[in-house]
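# Structural overview
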Amino acid sequence: MEEKSFMDELTEAHNVVMAAFAQTWKDGGLPTWGEALKMNAEFLEHCKLFIAAVNWTEPLLLGIGAFHVLMLLLVIVTRKNFNLQVGLVFILSSIVLSATFLNDLGMKHWKSVATQAYFSPNGLFISAVLSFPLVLISILAIFNIVRSLIHSMAMVKRAQFRREAAQKAAAAKKSN
């Protein structure tokens, strides 16, 4: 039996996935454009209802909003400091990962922090109000990290080219 190359295996796996996708589309598993637009309109309506249902002047929500603004400002102000950006991503990711714990804590003690029981077993509130904005801020910080890494790699490559040019020039002087 002939062994398949990695590319052959990858191509075969790709074809299997694409065939399954095509079959799902054919079977009606994916929405048409009209259905997708209707779902989008329904989603926007749910968002409007969510925004209207929340009392945004509560101290808990003002505190979360202030925290988001502070984190965003920190990411922007420290955008050129690689180590701080990595630290901020770590902190923000830790908070997002602890959202389930914070939601459980909020469900138990909501009366001491809010006037309404915002926290639910499915975690929609904590995800929408705390986690989603922190993920967006983390993406900005990761963008800054990648930009910093690209800049550092370019500086190293330029220094390498200069060193090689200087070595060639020195070798040319010696040969003359």
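Let me sum up the structure you'll find in this document. Since this is a predicted model, take the numbers as computed values, not measurements. (Residues numbered from 1 in each chain as written. Predicted model: local features only at pLDDT ≥ 70, side-chain atom pairs only at ≥ 80, totals over all residues. Heavy atoms only, no water.)

## Topic: the pattern of salt bridges
Under the criterion given, the structure shown has 1 salt bridge. The partner of Lys 38 in a salt bridge is Glu 42, with the nearest N and O atoms 4.0 Å apart. Remark: Glu 42 and Lys 38 occur in helix α2 (residues 33–53); sequence separation between them is 4 residues, near one turn of the helix. Judged by relative accessible area, Glu 42 falls into the partly exposed class, the value being 38%. (Salt bridge = Lys/Arg side-chain N within 4 Å of Asp/Glu carboxyl O. Helix = DSSP H or I, 4+ residues; strand = E, 2+ residues; numbered from the N terminus. Buried < 20%, exposed > 50% of the residue type's maximum accessible area, 1.4 Å probe, protein only.)

## Notes on the nonpolar core
Counting residues in hydrophobic clusters, the biggest one holds 20 residues, and the most contacted among them are Leu 61, Tyr 118, Phe 125 and Ile 137. Element by element, the count of residues in this core is highest for helix α6 (residues 124–175), at 8 residues. Excluding residues within four positions of it along the chain, Ile 137 makes contact with His 68, Met 71, Leu 72, Val 75 and Leu 92. (Core = buried A, V, L, I, M, F, W, Y, C linked by side-chain atoms within 4.5 Å. Contact = heavy atoms within 4.5 Å.)

## Looking at the packing of helix α3 (residues 59–77) against helix α4 (residues 82–97)
One can describe the packing of α3 onto α4 by two numbers: an axis separation of 10 Å at closest approach and a directional angle of 155°. By the angle between their directions, the pair α3 and α4 is classed as roughly antiparallel. As for how α3 packs across α4, the hand of that crossing is left-handed. Across the interface between the two elements, Phe 67, Met 71, Leu 74 and Val 75 of α3 pack against Gln 85, Leu 88, Leu 92 and Ile 95 of α4. Of the residues contributing to the contact of α3 with α4, the split by class is 7 nonpolar, 1 polar and no charged. (Axes fitted to C-alpha atoms, helices over the stretch in contact; angles between N-to-C directions. Parallel < 35°, antiparallel > 145°, perpendicular 65-115°, else oblique. Left-handed = near helix turned anticlockwise from the far one by under 90°. Nonpolar A, V, L, I, M, F, W, Y, C, P; charged D, E, K, R; others polar.)

## Observations concerning the packing of aromatic side chains
Inspection of every chain in the model, using the stated rule, returns 3 aromatic pairs. Taken together, a centroid distance of 4.7 Å and an interplanar angle of 10° make the contact between Tyr 118 and Phe 125 stacked. Tyr 118 gets classed as buried once you look at its relative accessible area, which sits at 10%. Ring centres of Phe 119 and Phe 125 lie 5.5 Å apart, and the angle between their planes is 85°; this geometry places the pair in the edge-to-face category. Neither residue differs from the other here; Phe 119 and Phe 125 are each classed as buried. Through successive ring pairs, a cluster of aromatic residues spans Phe 50, Tyr 118, Phe 119 and Phe 125. (Phe/Tyr/Trp six-rings, centres within 6.5 Å; stacked < 30°, edge-to-face > 60°.)

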